[in-house]
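Listed below are the residues making up each chain.
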Amino acid sequence: MNIPKELLYTNDHEWLKVDGDKAYIGITDYAQHSMGDIVFVELPEVDTEIAVGESLVVIESVKAVSSVFSPISGTILEANEELEESPESLNEDPYTNYIVAITISNKEELKELLSADEYEKICKEEE
Amino acid sequence: MKYTPNPPAVVEDMLHSLGLNTIDGLYTDIPEELKINGLNLPSGLSEIELRKEIKRLAGENLSTEDYPCFLGAGAYDHYIPAALTELLGRSEFYTAYTPYQPEISQGILQSIFEYQTLICRLTGMDVVNASMYDGASALAEAAKLAALSTKREKILVPDTVHPEYLQVLKTYSLSGAMEIVVVPGKNGVADTEAMVAQIDKSVAGVIIQQPNFYGNLEAPEEIVQAVHSNKGLFVMCADPISMAIFKTPAKWGADIVVGEGQPLGNSLNFGGPYLGFFASTSKLLRRIPGRIVGQTADEDGKRAFVLTLQAREQHIRREKALSNICSNQALCALAATIYLTLVGPEGLKEIAVRSHQLAVYAQNQLEKAGFALKYQAPYFREFAIKLDDPAGANKRLLENGIIGGYELEDGMLLAFTEKRTKEEIDKLVAVLGGEKHE
Amino acid sequence: MSKLIFEKDIKGSNKFSLPPCDVPQVEISQHIPEKYLRQEELNLPELSEIETVRHFTELSHQAYGVDDGFYPLGSCTMKYNPKINEWAASLPGFTGLHPYQPVDTVQGAMELMYNTQEMLCEITGMDAMTLQPAAGAHGEMTGVMTIKAYHQRNKDVKRTKIIVPDSAHGTNPASAHVVGYEVVEVKSDDRGLVDIDDLREKMNDEVAGFMLTNPNTLGLFEEHIKDIAAIVHNAGGLLYYDGANLNAVMGVSRPGDMGFDIVHLNLHKTFSTPHGGGGPGSGPVGVKAFLADFLPIPVVVKEADKYIFDYDRPLSIGKIKEFYGNFGVVIKTYAYLRSLGAEGIREASQNAVLNANYIRNKLKDYYYIPFDRLCKHEFVASSRNQVKENGVTTLDVAKRLMDFGYHPPTVYFPLIVEEALMIEPTETESKERLDTFIDALVEIAREAKEKPELVKSAPHTTIIKRVDEVTAARKPVVKWED
């Protein structure tokens, strides 16, 4: 299983990449694998404000649907619209294909996130 | 008559295989105090007895098969071709479950795909679901979709919409997801000025029925423009037969189109089962309620049909689903599909035109007999006349072997389908005229 | 695979006609301004009558109904649909009734509705019944609205939650949600029943009601139902009965006696009306007397010797459907109830339970049965062992069953059992049918061991193989384009 070292992670199998004042958010390899073939990503509208733990996007596979909850609070800067046309890219390369970019409004929240090593432990426990 | 095939000796063997001696042994998990000692119901009937009883009940009704019917108001007495009834009686169709297993359900899936395409072509819309319970509940679901997809609550609806649809809208709004605002109509059509004045950024959607409850055609151009410029949705509740000759909801600018599909080959059935059709723009495809059939291929690349976009539905999305609909009106949708195929495009146009022609003839004859239309708007196959005592008039009509119209407060709503004849209309006018001059 | 009607379009081949027109043939544009008229061509296919008949007959050959074979679809009660019922519903004295005819002209229909209501009240132990909901989920919505109206009437407005078990049908949480409730799940215990402690913990004055199926979706009777009712009622909540599984207990035990306040039924399951390839169904809702005033309008009542529609019910939740429900479906239920009578109804349930236990007992050496004890009308097996040993999943087993001529059971439900196969034989199947079905499942278990590829690549005898559902959902094609 692929868990890049440079990213931050959540218990809910999301990754977060800090880029200055903003962060890119996506789902992990573990998440895409357990969801199966992803068929649709319901993206949020840009400029929406979102609080930690709120539903950010909804991802549908053929027989399941999951919400991605925001790991931090902020304003949505970008939504990766390519996913609307080709949701399968989340299966193919979940780390290159981010879902949204969001402002980091409270750096303290980043401290709650997991390192790659910590996240790997969680994945092993769940298996 | 019972339908349990096992003879008593076999039942006994089966019980023994489970280590039981009596059938009661199957219910030891139910606390004794919760068991009943038989039901207080009549004993079972043989088929011969049942047939008599059913015939007695059916015989106590007065059927539109035997009496000309001028009632419409949301359910129409159009002709149903014999071939339709025969095909619908094929038990492969009617005893099947929802086609969740595509490998053995291609026939049903394909018929739904054909239904979806037919309704798309009739309405001019991009996508259609596999059916809803009826026109009223389809409209309520459309209003809810408008509210949820715009994240607003207010739904504007003129009181020229069918009164039962208005009631259903109000009941569905108990969910708290939408607020129904009814705007009084004017001269039998929606009050454009009053509607437009209320349309702003808080309005999720506006509903127009075409033709409306009174049979009149609405002209919603300004309303559509206002709702769209405020980024709300325009919902049209339309009659399917009328679309053969009248402007499609898509051309009026509808985002969602629903309607009562009963006129398409479904019997009056004392109000049900009918079907609601539900169509929308492709933009809303992933949010619309109900089942949808999609085209795909099997492992060998052969064309195949399958229930798709199921992640929208309750069995997957559970409490997050936008609608709870599960069973729909599939067989009624199949009736609509067969109907449209049997009558064809020219037949459907002819049915619509004939219904209209008969209505126009009736209007002329009624006016000659001294009656006046209640409204002056253009109509399709139904119009309202002024009448002081509609209940009395209906009673009189019934005595003369005619099922009269829908009683309004000071008038009567009369509907005309291609099944009506000049003779029947002449008699209607004569009896109504007699009533009026008494 | 058949051609679509759109691919069989031959212009001029449709010879449908109306009688000669004996009124003036006014042009439509004469009375209607142009802006109202259709601008584009009406692009419907043209087929002759014989080709239409052949087309739909051909499609019927690619469908599978109860009349084609055994249909052990758990939770769906695919029992035989008696033909006399179809005859009854097709009589012109019923099909030809306009819903707004004067009540004097439809007394037979109303008597039928009234008597059906009364019989369903007796079977469920309820005091009042509405026949209006069009399907089970519609009944659930009506029932939950009744719960809401009741609490609102009592000005008990802090109740914002509905509890459902984790084994519930998907419609339960969805119905609660569409009426505006937050859904709380209660766990199942290790015996597959409602975890009473968890329920006690979650039940409080914010809970409007608890929706329960009994027997539950595992086919197990909730033995502690009296305690459950007490917990819910003591906290001021109402107890809701999902009637999907009533076929297990008809004539034996009644939801009303168990402490349920509201019941919805599925006439298309328990009461033998056909499923129609997805509908129409009918989902009557019954309530105890204290909730009767909240039922939808109109209610069929009997005054002296006459049946009337009562619309004057100020506490009613209102209308949930046009007219009076799926009357054509109700006729079939009436015929069914009169055919079976009191004793036949009880026997139907008994045989349904016997058939389910018979299969369970014969399969337990071949499939994992997570709750292997007396079940009611259905039980849940699992392909867990087959997955572990040979990678053969429940989906594979289901698909392989088609090669043996059966409709597969319900799969992957309830969600709390992995690789679930939910089997409901119903009472209308003979022991011989059950035996051949059991043989097929035993054979598939053997194949899973010896030639798993055969099972994994099933079905082999159907007109198409497994379909690509992923592409269907990613790039939806939902209509035909020439």
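Predicted model only: the values in this text are computed from it and were never measured. (Residues numbered from 1 in each chain as written. Chains lettered and ligands numbered in written order. Predicted model: local features only at pLDDT ≥ 70, side-chain atom pairs only at ≥ 80, totals over all residues. Heavy atoms only, no water.)

*Asks:* How do you make sense of empty space enclosed by the protein when you look at a structure like this?
*Replies:* Gaps left between atoms show up when a probe the size of a water molecule is rolled over them. Residues and elements named next belong to chain B. Tallied over the entire structure, the rule returns 8 cavities of 30 Å³ or more. The computed volume of the largest cavity comes to approximately 170 Å³. Forming the boundary of the largest cavity are 20 residues, of which Gly74, Tyr76, Gln209, Pro211 and Asp239 lie nearest the centre. Secondary-structure elements contributing two or more residues to the lining of the largest cavity are strand S4 (203-210), strand S5 (233-238) and strand S6 (256-260). Looking at the lining of the largest cavity, its residues break down into 9 nonpolar, 7 polar and 4 charged. (1 Å grid on protein atoms, 1.4 Å probe; cavity = no way out; pocket = protein on both sides within 12 Å on 5 of 7 lines; lining within 4 Å. Points joined across faces, edges and corners; volume = space filled by probe spheres on them. Helix = DSSP H or I, 4+ residues; strand = E, 2+ residues; numbered from the N terminus. Nonpolar A, V, L, I, M, F, W, Y, C, P; charged D, E, K, R; others polar.)

*Asks:* I tried to follow the interface of chain C and chain B on my own but got confused; where do I start?
*Replies:* Contacts between chain C and chain B engage 202 residues on the former and 188 residues on the latter. A buried area of about 17,100 Å², summed over both sides, lies between chain C and chain B, and 63% of it is on carbon and sulfur atoms. The interface formed by chain C and chain B includes 11 salt bridges. B:Asp300 is the partner of C:Lys465 in a salt bridge, and the nearest nitrogen-oxygen pair spans 3.9 Å. Along the lines of polarity and charge, the residues of the side of chain C that touches chain B split into 105 nonpolar, 57 polar and 40 charged. (Contact = heavy atoms within 4.5 Å. Buried area = accessible area lost by both parts, 1.4 Å probe. Salt bridge = Lys/Arg side-chain N within 4 Å of Asp/Glu carboxyl O.)

*Asks:* So what exactly am I meant to see when it comes to helix H14 (residues 431-450) of chain C here?
*Replies:* The end-to-end C-alpha distance of H14(C), which contains 20 residues, comes to 28 Å, matching closely the 28 Å that a straight helix rising 1.5 Å per residue would cover. Along H14(C), the positions that sit buried rather than exposed are C:Leu434, C:Phe437, C:Ile438, C:Ala440, C:Leu441, C:Ile444, C:Ala445, C:Glu447 and C:Ala448. The inward-facing, buried residues of H14(C) contact helix H1 (8-17) of chain B together with helix H11 (327-363), helix H12 (384-390), helix H13 (394-403), strand S12 (420-423) and helix H15 (452-456) of chain C. (Expected span 1.5 Å × (residues − 1). Buried < 20%, exposed > 50% of the residue type's maximum accessible area, 1.4 Å probe, protein only.)

*Asks:* What is the right way to look at the confidence of the model for chain C in this model?
*Replies:* As a general rule, the predicted coordinates of low-pLDDT regions are not to be interpreted in detail. In the predicted model, chain C carries a mean pLDDT of 97, and 100% of its residues have values of at least 70. We note a pTM of 0.97 for the whole complex and an ipTM of 0.98 for its interfaces. (pLDDT = per-residue confidence, 0-100.)

*Asks:* Can you help me understand the domain arrangement of chain B in this one?
*Replies:* The extent of an interface is frequently quoted as the accessible surface area lost upon association of the parts. Residues and elements named next belong to chain B. Here chain B is partitioned into domain 1 (82-338) and domain 2 (344-437). Averaged C-alpha coordinates put domain 1 and domain 2 at centres separated by 29 Å. Across the boundary between the two partners, domain 1 contributes 18 residues, which contact 17 residues of domain 2. Across the interface of domain 1 and domain 2, roughly 1,400 Å² is buried in total on both sides, 74% from carbon and sulfur atoms. (Domains from an automatic or database assignment.)

*Asks:* Looking at this model, I keep getting lost on the interface of chain A and chain B. Mind explaining?
*Replies:* Taken together, the contacts link 11 residues of chain A with 7 residues of chain B. Both sides of the chain A and chain B interface together cover about 740 Å² of buried area, and 51% of this is carbon and sulfur. Applying the counting criterion to the chain A and chain B interface returns 2 salt bridges. The partner of B:Arg287 in a salt bridge is A:Glu42, with the nearest N and O atoms 3.0 Å apart.

*Asks:* Hey, could you run me through the sheet that holds S12(C) in this one?
*Replies:* The strands that make up a sheet pair up through hydrogen bonds in the backbone, lying either parallel or antiparallel. Residue and element names in this part refer to chain C. Sheet architecture is open: 3 strands sit in the order S10-S12-S11, paired in antiparallel fashion. Unpaired on one side and paired on the other, strand S10 (379-382) and strand S11 (410-411) mark the two borders of the sheet. Pairing geometry for S10 and S12, over 4 bridges, is antiparallel. Counterpart to Ala381 in the pairing with S12 is Leu421. (Pairing = 2+ DSSP bridges.)

*Asks:* Would you explain the domain arrangement of chain C in this entry?
*Replies:* Taken domain by domain, chain C consists of domain 1 (5-61) and domain 2 (84-339). A C-alpha centroid distance of 42 Å is found between domain 1 of chain C and domain 2 of chain C.

*Asks:* Hey, could you run me through the packing of aromatic side chains in this one?
*Replies:* What the rule picks out here adds up to 31 aromatic pairs over all chains. A ring pair is formed by B:Phe113 and B:Phe305, whose centres lie 4.7 Å apart and whose planes are at 40°; its orientation type is tilted. Note that B:Phe113 is positioned in helix H5 (residues 106-123) and B:Phe305 in strand S9 (residues 303-308), a separation of 192 residues in sequence. Accessibility assignment for this pair places B:Phe113 and B:Phe305 in one class, buried. A ring pair is formed by B:Phe270 and C:Phe327, whose centres lie 5.3 Å apart and whose planes are at 80°; its orientation type is edge-to-face. Of this pair, B:Phe270 sits in the loop between S6 and strand S7 (276-280) while C:Phe327 sits in helix H11, on two different chains. An aromatic cluster is built from B:Phe213, B:Tyr214, B:Phe270, B:Tyr274, B:Tyr375, B:Tyr406, C:Phe94, C:Tyr100, C:Phe309, C:Phe323, C:Tyr324 and C:Phe327, whose rings are joined through pairwise contacts. The ring of B:Tyr76 has B:Arg381 sitting right over it, with the charged end atom 3.8 Å from the ring centre. The ring of C:Tyr181 carries C:Lys148 above its face, with NZ or CZ at 5.5 Å from the centroid. (Phe/Tyr/Trp six-rings, centres within 6.5 Å; stacked < 30°, edge-to-face > 60°. Lys NZ or Arg CZ within 6 Å of the ring centre and 35° of its normal.)

*Asks:* In this structure, what is going on with the sheet that holds strand S2 (residues 14-19) of chain A? I would like to understand it.
*Replies:* Residues and elements named next belong to chain A. Spatial ordering of the open sheet is given by S1-S2-S3-S9-S8-S5, a layout of 6 strands whose pairing is antiparallel. Where the open sheet ends on each side, the last strands, each with one partner, are strand S1 (8-9) and strand S5 (49-50). Pairing geometry for strand S3 (residues 22-27) and strand S9 (residues 100-103), over 4 bridges, is antiparallel. Following the sheet pairing, Ile25 is matched in S9 by Val100.

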